[in-house]
Amino acid sequence: MLKQRIITALILAPLALFSILFLPIFWFEIAISGVVAIGAYEWANMSGICERPKKILFMAAAFAICISLSFIVDTSVIWYQGQLHDLYHGILGVAVVWWIVSLFMVLAYPKYTKFWRESRSVRTVFGLLTLIPTWVAVIALRTSLHDVDPFYGASLIFYVLGIVWAADIGAFFVGVKFGRHKLRPNVSPGKSLEGLLGGIAASFAIIAFAALHYQVEPSRIWLHLIIGGVTVAVSALGDLNESMLKRCAGIKDSGKILPGHGGVLDRIDSLTAAFPVFAFCYVTWMA
């Protein structure tokens, strides 16, 4: 299993790095649409859809929505005079509301879940509310200041990846050593409050480095710390949300496409929450 994980990571990491840094915006949109489509296929499985044609239909629908958004909002007008296109900004706002709702669902689990546990349609809607804003967020960040600095948007994506990964590493070590109070044992028994706090603390190192890199005014550093902390905290919610849905579906992994890692959603579950929330905060208060 470890060998498979390492080989998969060695293949995927350079591909992801190249895509983020060097793919033209249009092809980058296509690539992220493909990731979303695979995630949609796995989400259909978590939603209780067993028939392969229906899974493929949901996968195709998610891909089509992303491509449609790309054509509706042309690459040249995603950002106009420093403002994100209203459609994309609105979708990110919906995502923030969705993750607030998801928080209450996770906190209440397994109570008050009948209305969505027994409905495949409701759970597939949950999937669209999770995956489509992720696409919008990644594209919005990637295209930020693209005309001025083609790598600025890529640095924003790496920033989100950096603080989330730092939080994961910090949460693991702090949780193993000091974890006593479980976050939501009914959802994910391995996660602790101490681990979450340790992860947030670890992410602050990346946030501090980014503040120096972007030459943030000292008076605005507090804003970066708050937004970074919220992004890391909500990334844990993304993980818990997927764990909750997998428990309802009675499955361990979202898929098998990544040897040693499970499914695509198993790798990006925390990012599906972190990217939309960070992107909304960025375009609202930081851009």
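Just above, that's the structure.
Description of the structure in this document. Because the structure is a prediction, the values reported are computed rather than measured.

Next up on the list: the nonpolar core. One finds Tyr88, Trp135, Leu141, Phe275 and Tyr282 to be the most contacted residues of the largest nonpolar core, which totals 76 residues. Of all the secondary structure elements, the ones that give two or more residues to this core are α2 (25–46), α3 (52–72), α4 (86–108), α6 (120–142), α7 (152–178), α8 (193–213), α9 (221–249) and α10 (264–286). Among the elements that take part in this core, α10 stands out by supplying 15 residues, more than any other. Those residues in contact with Tyr282 that sit more than four places away from it in its chain are Trp79, Leu141, Ser144, Tyr152, Leu156 and Ala287.

Applying the stated criterion across every chain, the model contains twelve aromatic pairs. An aromatic cluster is present here, built from Trp79, Tyr159, Phe278 and Tyr282 joined pairwise through their rings. In this structure, Arg142 packs its charged tip against the face of Phe28, placed 5.8 Å from the ring centre.

Within the structure shown, the criterion is met by six salt bridges. In this structure, the salt-bridge partner of Glu51 is Lys54, at a minimum N-O distance of 4.0 Å. With relative accessibility at 42%, the residue Lys54 sits in the partly exposed group. One salt bridge connects Lys191 with Asp239, and the closest N-O pair in it is separated by 2.9 Å. In this pair, Lys191 is assigned in strand β4 (residues 188–192) and Asp239 in helix α9, connecting sequence segments 48 residues apart. By relative accessible area, Asp239 is classed as buried at 19%. Within the structure, one salt-bridge network assembled from shared partners comprises Glu51, Lys54 and Arg120.

With that settled, the discussion passes to the packing of α6 against α7. Running from N to C, α6 and α7 point in directions that differ by 130°, and their axes come no closer than 7 Å. One element, α6, and the other, α7, form an angle in the oblique class. Here Val138, Leu141 and Arg142 of α6 come into contact with α7, specifically with Gly153, Ala154, Leu156, Ile157 and Val160.

So, on to the pairing of β4. Bridge count between strand β3 (residues 182–184) and β4: two bridges; the pairing is antiparallel. Bridge assignment links Arg184 to a residue of β4, and that residue is Ser188.

Compared with the 42 Å implied by 1.5 Å per residue over 29 residues, the 42 Å span of α9 between its first and last C-alpha is a close match. Burial analysis of α9 places 21 of its 29 residues in the buried class, the great majority of the element. Phi turns positive, to about 70°, at Gly250, one or two residues after α9.

With the exception of glycine, most residues fall at negative phi, and the peptide bonds are largely trans. Between Tyr109 and Pro110 the backbone carries a cis peptide bond, its omega angle lying at 5°. Among the structural elements, Pro110 can be located in the loop between α4 and α5 (114–117). If you check the backbone angles, Gln81 has positive phi at about 50° while not being a glycine. With respect to the helices and strands, the residue Gln81 is situated in the loop between β1 (79–80) and β2 (83–84).

Analysis parameters
Residues numbered from 1 in each chain as written. Predicted model: local features only at pLDDT ≥ 70, side-chain atom pairs only at ≥ 80, totals over all residues. Heavy atoms only, no water. Core = buried A, V, L, I, M, F, W, Y, C linked by side-chain atoms within 4.5 Å. Buried < 20%, exposed > 50% of the residue type's maximum accessible area, 1.4 Å probe, protein only. Helix = DSSP H or I, 4+ residues; strand = E, 2+ residues; numbered from the N terminus. Contact = heavy atoms within 4.5 Å. Phe/Tyr/Trp six-rings, centres within 6.5 Å; stacked < 30°, edge-to-face > 60°. Lys NZ or Arg CZ within 6 Å of the ring centre and 35° of its normal. Salt bridge = Lys/Arg side-chain N within 4 Å of Asp/Glu carboxyl O. Axes fitted to C-alpha atoms, helices over the stretch in contact; angles between N-to-C directions. Parallel < 35°, antiparallel > 145°, perpendicular 65-115°, else oblique. Pairing = 2+ DSSP bridges. Expected span 1.5 Å × (residues − 1).

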